[in-house]
Amino acid sequence: MTFGGAFVRNDQSCHVDMVTCQDRTKTTVQCSRRKFRTSGLNKWVPDKIILPEHTMSNIYTIVPSIIGVVTFICLFEFFIGLENESSEASSPRGFEFGSLDRFFQKGHPIVRSHAQDCPEHWKSYADSFRAEIHINSKNFTNAKEIQFSQTTSPNYSTIAILNQHSAYNLCDVLLVKIQSRDWNNRPKTYGGDFFRTKIFHQEPYSAASEDVIIDFLNGTYLALFTLRWIGEIKVQVRLIHPVEVLPQMMLTLSGKVGQNITFAGEFISGNISEEVICRFAEMPGPLCNLSNPRTHGPWYCQRPNNSRLSCADWKYHKMYMGTFLKLEDHLTQLSKDLLTKSHMIELKNNYQIEVVDGESLGIPSTLPFCTMNGVPNGVHTAGHFYQDIWYPDNCIVASYNPESGMECLRNKNIVILGDSTTRQIYAFFRDKYKKYFTALPLAEGAWSKYGPTDIESAKYNASAQFRFHGLPRGGTGLVLRTDFIEFISDRLNSKRDGCNVIYIISVWAHFISSGQEFYLKRLVSIKRAIQDFLDRCPQGKVILKGANTKDHPAVWIAIVSSEWNILKHEMLLRSLFQNDTRVGFIDAWDVTKVQPYPDNVHPNTKIVKQFIDRIFTYLCKR
């Protein structure tokens, strides 16, 4: 867990960085003075308070780093006004957090020190805080003892703004308390619920997610939002998963759910054919081992019963309707109820606040254009929407139209490898740039949906192609020729694209049900191939696209790819690639988490445009 920002009292601070906001002239500013409307702390100078989204270990891992706790305690100072010489110090109205009250009452003194000494001086208080949370809270541990009426209810759970005022200044921080309650309208006594929160203005659309959400492990949560634009702002809190559904989610994370997903393999020789069951995990009975050991691509099919068919006769990979529906048969009644009645539902509230100009807010932004400098460690707020445009916190993304976009693509070869969310990037070029690109004929038996598919522009000496990643690959009604199956690491190692190539890669949507261990092994093989390619071709480029939010129109979709599991996999990808500064990254999660459109595994085209602009900025801005 990492934090950015500073609490400032006179000339003292626990420092971190800056965050961007927008003033009335649409000028990006970096907030260097953010005043709370409570005496005690004079200024709070937060940049990003970055928390890997709902990091869970035994439901949640809270306060896993000293620096994180330092920032928490600086925040707690704000709440209670501990500075002895401040006669006006007071807690915000309505602040009642159980075990935290007892922590506040201990009256821990302020340690006066220089900013660089702050973490060391607060170490003993961090230990005290951790002990308080442990003693006065409890975790959810046993689903067998839980009835549905005892689980978190989106109907009865509440939110409250703790620091309510008639108006706020740009870059003030809004404090939102979330209280989980069960279906009997009783407060919950343990944490671990999975919420998604944002502040927003509808038209023109502006939005940002929380800087941090703190789980106090007693049914109470605190979300902090930096107010980044002027005007009316609403608050939205959605319950994505109650904590009680986590045992089911853990089955998916372990890969056990994926082992129950069946595919079909068709074996053909002459006029003889036979279909058998195939999986990424071994099955009883005689098998055809069709694995790709170079890329961690395990794949097994039952050996055909017909003796005239051999394992070499595997010709088609298929998936039928109803395959995933069978997964629902393995659910407990509690999990079924939780995934139908308490899943991705907004908590009701009527809060609307007003942000006004106020005093000087900081210095004009001198942010550089975004560059390819690696993947962030952890999932955190890294930007916001302002008047329908996404603004990253730490760099500038240029806007491109088809004309300027084609100039950027001049003399470039784009190879897009991955799932259907990356295919959207290829489709954007094909559809929005069709004035410039010509689609090449599909190979016999190929689907435009799955590739291989190519477009090129002779005038600009530019091309783009899409290739789906290797198995596992699903999709209702999928019929795929096995000679079109290509693993990403094999493609990068083949050298057939040369060195003057830009790879755009995304692998997540088809891997969630396979579990983290399977996913990690596949990522390791891809990372090794990327490193070899960049060592061999320093002029080549690799851009990774992360996961995005998605819809869950059916229970089985929540089973195989819940948002909690997607985030767990996303954090694994970011951790693995964080030190490779030669790759670029598209943070699709942060953008889609607060988008103005409904969640969809395939985001709206206007969201894809935000990704395209980021790619072009990487390629053509210095």
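All residue numbers refer to positions counted from 1 along the written sequence of the respective chain. With the structure being a predicted model, the display of local features is reserved for residues of pLDDT at least 70 and the display and counting of side-chain atom pairs for 80 or more, all residues being used for whole-chain, interface and lining totals. Side-chain numbers here rest on the full set of heavy atoms in the structure, without hydrogens or water.

### Details of the sheet that holds strand β12 (residues 220–226)
Next up, step 1: Any two strands with at least two DSSP-identified bridges between them are counted as paired. By definition, any uninterrupted DSSP run of H or I lasting at least four residues is a helix, any uninterrupted run of E lasting at least two residues is a strand, and each is numbered from the N terminus. With antiparallel pairing, the four strands of this open sheet are ordered in space as β6-β8-β12-β11. With partners counted over all chains shown, the strands left at the sheet margins are β6 (158–161) and β11 (212–215), one partner each. Direction aside, the axes of adjacent strands within the sheet are offset by 20° on average.
Next up, step 2: Pairing of β6 with strand β8 (residues 173–179) involves four bridges; the strand directions are antiparallel. Helix axes are fitted to C-alpha atoms over the stretch in contact, other axes to C-alpha atoms as well, and angles between N-to-C directions run from 0 to 180 degrees.

### Topic: the state of the cysteines
Next up, step 1: Cysteine sulfur atoms that pair up within 2.5 Å are treated as a disulfide. If you walk through the whole model with that rule in mind, you get five disulfides.
Next up, step 2: Bridging Cys 370 to Cys 395, the disulfide has an S-S length of 1.9 Å. When the S-S torsion is 80°, as for the bridge of Cys 370 with Cys 395, the disulfide is right-handed. Taken together, the residues Cys 370 in the loop between β21 (362–364) and β22 (383–386) and Cys 395 in the loop between β23 (389–392) and α7 (402–409) connect sequence positions 25 residues apart. Across this residue pair, the class does not change: Cys 370 and Cys 395 are buried. Think of it in three bands: residues with accessible area under 20% of the maximum for their type are buried, residues over 50% are exposed, and the middle band is partly exposed, with areas taken using a 1.4 Å probe on protein chains only.

### So, the sheet that holds strand β26 (residues 453–457)
Next up, step 1: Ordered by their spatial adjacency, seven strands build an open sheet running β25-β26-β27-β24-β29-β30-β31, and the pairing between neighbours is mixed. Looking along the sheet, the strands with just one partner apiece sit at the ends: β25 (438–439) and β31 (583–586).
Next up, step 2: Bridging between strand β29 (residues 502–506) and strand β30 (residues 541–545) involves four bridges; their strand directions are parallel. Paired with Ile 504 across the bridge in β30 is Ile 543.

### Observations regarding the confidence of the model for the protein
Next up, step 1: What pLDDT conveys is the predictor's confidence in a given residue, as a value from 0 to 100. Residues with a pLDDT of 70 or more make up 75% of the protein, whose mean pLDDT is 79.
Next up, step 2: Residues are treated as being in contact if the distance between any of their heavy atoms lies within 4.5 Å. Between residues 24–30, whose pLDDT stays under 50, and residues either more than four places distant or in other chains, the model counts 25 contacts.
Next up, step 3: This model gives residues 359–364 a pLDDT under 50, and the stretch forms twelve contacts once residues within four places in sequence are excluded.

### Section: the packing of α7 against helix α14 (residues 605–620)
Next up, step 1: Orientation of α7 relative to α14, taken along the N-to-C sense of each, is 45°, at an axis distance of 10 Å. What the angle tells us is that α7 and α14 run oblique. Like other packed secondary-structure pairs, α7 and α14 cross with a definite hand, here left-handed. Every residue of α14 that contacts α7 at Gly 405, Cys 408 and Leu 409 is listed here: Phe 616, Leu 619 and Cys 620.
Next up, step 2: Only Asp, Glu, Lys and Arg are considered charged, only Ala, Val, Leu, Ile, Met, Phe, Trp, Tyr, Cys and Pro nonpolar, and every remaining residue, Gly among them, polar. Partitioned by chemical class, the residues of the contact of α7 with α14 number five nonpolar, one polar and no charged. When an angle is under 35 degrees it counts as roughly parallel; over 145 it counts as roughly antiparallel; between 65 and 115 it counts as roughly perpendicular; any other value is oblique. It is the rotation of the near helix from the far one that decides the hand of a crossing: anticlockwise by less than a right angle makes it left-handed, clockwise makes it right-handed.

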